[in-house]
Amino acid sequence: GEQITDRGIGNGMSLLIFAGIVVGLPRGIQDLVDKAKTQAWGAFTVPALVLLVGAMIVIVAFIVFVERSERRIPVQYAKRIVGRRLMGGQSTHLPLKVNSGGVMPVIFASSILSAPMLFATSNFVRNSGFLTRLFDGLRPGEPWYELLYCVGIVFFAYFYISIIFRPDDIADNMRKYGGFIPGIRPGRRTS
């Protein structure tokens, strides 16, 4: 991922995730076509497939909407004299993305949940009935896996943002350059 990003092709991690999704698409489409041909769900097959495709389109549109969304915090810069020129006095905004973490929380959660699959193949786990049942419950598609995956995404979303987004630094930089949010005092109240 880092090599792809360094060479200027694009965001390396996102491209790798995209490639992983695209690899599974032909198999998924073939499965849907097979279900339509064999009428796998009886009379409900065609409406179910239409609902499924419609839901997929709505979900992708919603993800794009949230990913592109931002909250614009108005910022006013005070006028100041630099040399013989009057600088500043402009109004701008501070864009805060709704989903600043992007796909990183998903990557972290899936990486951590893939670790049990590595251990499940060892002889130690296969010889233990309890560990075998535990690791079987942590396979993709199982309820415990899905629950831990959702909880992991939420946890890493907050964790990742706490690392990359520093409100104290942003408030400090705004104060240094004479910026303030109208109605809020510079410094601690701004952060």
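Here the structure is a predicted model, which is why all the values come from computation and not from measurement. (Residues numbered from 1 in each chain as written. Predicted model: local features only at pLDDT ≥ 70, side-chain atom pairs only at ≥ 80, totals over all residues. Heavy atoms only, no water.)

Asks: Teacher, can you tell me more about the pattern of salt bridges here?
Replies: Think of it this way: side chains of opposite charge can pair up when their charged atoms draw near. For the structure on display, the rule yields five salt bridges. Among the ionic pairs, Arg-72 bridges to Glu-70, the shortest N-O distance being 2.9 Å. Take Arg-72: its relative accessible area is 53%, and that puts it in the exposed class. Among the ionic pairs, Asp-172 bridges to Arg-175, the shortest N-O distance being 2.6 Å. Highlighted residues: Asp-172 and Arg-175, both in helix α8 (residues 167-176), separated by three residues, approximately one helical turn. The exposure class of Asp-172 is partly exposed, given its relative accessible area of 31%. What makes Arg-175 partly exposed here is its relative accessible area of 45%. (Salt bridge = Lys/Arg side-chain N within 4 Å of Asp/Glu carboxyl O. Buried < 20%, exposed > 50% of the residue type's maximum accessible area, 1.4 Å probe, protein only. Helix = DSSP H or I, 4+ residues; strand = E, 2+ residues; numbered from the N terminus.)

Asks: What's the story with the packing of helix α2 (residues 12-38) against helix α3 (residues 45-68) in this structure? I'm lost.
Replies: In a packed pair of helices, the relevant descriptors are the angle between the two axes and the axis-to-axis distance. Orientation of α2 relative to α3, taken along the N-to-C sense of each, is 155°, at an axis distance of 9 Å. The pairing of α2 with α3 is recorded here as roughly antiparallel in orientation. Considering how the two elements wind past one another, α2 and α3 form a crossing that is left-handed. Packed against α2, whose contacting residues are Leu-32, Lys-35 and Ala-36, the element α3 presents Thr-45, Leu-49 and Leu-52 at the interface. Looking at the contact of α2 with α3 residue by residue, the classes come out as four nonpolar, one polar and one charged. (Axes fitted to C-alpha atoms, helices over the stretch in contact; angles between N-to-C directions. Parallel < 35°, antiparallel > 145°, perpendicular 65-115°, else oblique. Left-handed = near helix turned anticlockwise from the far one by under 90°. Contact = heavy atoms within 4.5 Å. Nonpolar A, V, L, I, M, F, W, Y, C, P; charged D, E, K, R; others polar.)

Asks: Explain helix α7 (residues 143-164) to me, please; I cannot follow it from the model alone.
Replies: Since the α-helix turns once every 3.6 residues, residues separated by three or four places project in the same direction. The end-to-end C-alpha distance of α7 is 32 Å, a good match for the 32 Å that 22 residues give at a rise of 1.5 Å each. Summarising the contacts, the buried residues of α7 are in contact with α4 (104-119) and α6 (129-137). (Expected span 1.5 Å × (residues − 1).)

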